[in-house]
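Here is how the chains run, residue by residue.
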Amino acid sequence: MTESVIRNKPGMASVKDMPILQDGPPPGGFAPVRYARRIPNKGPSAMAIFLAAFGAFSYGMYQVGKGNKIRRALKEEKYAARRAILPVLQAEEDERFVKEWKKYLEYEAEVMKDVPGWKVGENVYNSGRWMPPATGELRPEVW
Amino acid sequence: MADVVDAAGEPIPTSSVLMAAAKHIEINCMPENVEFLKCKKKDPNPEKCLDKGRQATRCALGLLKDLYQRCKEPMEGYVGCMYYHTNEFDLCRKQQQAFEKACPLE
């Protein structure tokens, strides 16, 4: 019923004579649509891009090298300072060690005084060089 | 903890004091230090190198006392800065310049 109300043509004989109501293009057709690619061919060439990247990279590596030189100088300063004060610290430690070692030798002499043929304290190794005591018993608070 | 000398005027050889004076020690105490290191290289036994060690320590402590008497303020500033930044030279440049201007490295 609704179709005939909408598409009514006065004076039609049957429903088959109704005018056709269609959605279609405007008269004259639509405007033409561009669908082809248009990628422009301007801008830097491959060589230009490569040179720019290579230039940035080499500038960066140059800065890295400069920074490394500065850092190495700082480290050298620190190491030189450590080398300068090393004898003072080693001498202090030697004094402390000699005191502890003498106490230890006395203790050993007292403990082993009844063992025949025991030479107090010296050299568990046969190479002739002095080796520091290996057991760690001289500084139990450290170990 | 950042004192250069104790109550009696004797220098305290803590790490910040020694690192602050390290360049001076390197230059002024070089003979004693080299002798001690040569003795150690020959024989690492501590008992054999005690006297040279004492010379090196005496030289370093005397140098510390001398530096303290000659330029007390810059040295205390430098040692304090070293103590605060745990012996980083790069963070104490200002105090280092002041110290080396007052007591030059010769």
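For the structure itself, consult the block above.
Residues numbered from 1 in each chain as written. Chains lettered and ligands numbered in written order. Predicted model: local features only at pLDDT ≥ 70, side-chain atom pairs only at ≥ 80, totals over all residues. Heavy atoms only, no water.

(A) Fine view of the overall build of chain B. A tally of regular secondary structure across chain B gives six helices and zero strands. Each helix and strand of chain B, placed in order from N terminus to C terminus, yields the pattern α-α-α-α-α-α. Referenced to the eigenvectors of the C-alpha coordinate spread, the extents of chain B come out at roughly 40 × 30 × 25 Å. The 106 residues of chain B split such that 41% are buried. (Helix = DSSP H or I, 4+ residues; strand = E, 2+ residues; numbered from the N terminus. Buried < 20%, exposed > 50% of the residue type's maximum accessible area, 1.4 Å probe, protein only.)

(B) Examining the packing of aromatic side chains more closely. This structure, assessed with the given rule, holds five aromatic pairs over all chains. Between A:F97 and A:W101, the aromatic rings sit 5.7 Å apart at their centres with planes inclined by 15 degrees, giving stacked as the arrangement. Of the two residues, A:F97 and A:W101 both sit in helix α2 (residues 46-111), four residues apart, roughly one turn of that helix. Each member of the pair, A:F97 as well as A:W101, carries the same accessibility label: buried. The exposure class assigned to A:F97 is buried, which follows from its relative accessible area of 11%. For B:K23, the ring lying beneath its charged end belongs to B:F89, and the centroid distance is 4.5 Å. (Phe/Tyr/Trp six-rings, centres within 6.5 Å; stacked < 30°, edge-to-face > 60°. Lys NZ or Arg CZ within 6 Å of the ring centre and 35° of its normal.)

(C) Here's a closer look at the interface of chain A and chain B. On the side of chain B, 26 residues touch chain A, which itself brings 22 residues to the contact. With both sides pooled, the region where chain A packs onto chain B buries about 2,100 Å², and carbon together with sulfur makes up 71% of that total. Taken together, the connections running from chain A to chain B amount to four salt bridges. With a shortest N-O distance of 2.8 Å, A:E77 and B:K23 are connected by a salt bridge. Looking at the side of chain A that touches chain B residue by residue, the class counts come to 14 nonpolar, one polar and seven charged. (Contact = heavy atoms within 4.5 Å. Buried area = accessible area lost by both parts, 1.4 Å probe. Salt bridge = Lys/Arg side-chain N within 4 Å of Asp/Glu carboxyl O. Nonpolar A, V, L, I, M, F, W, Y, C, P; charged D, E, K, R; others polar.)

(D) Just the side chain of B:S16, in detail. Residue and element names in this part refer to chain B. With respect to the element layout, S16 can be found in helix α1 (residues 15-20). You can call S16 buried: its relative accessible area is 3%. Setting aside its immediate chain neighbours within four residues, S16 contacts V79, M82, Y83 and N87.

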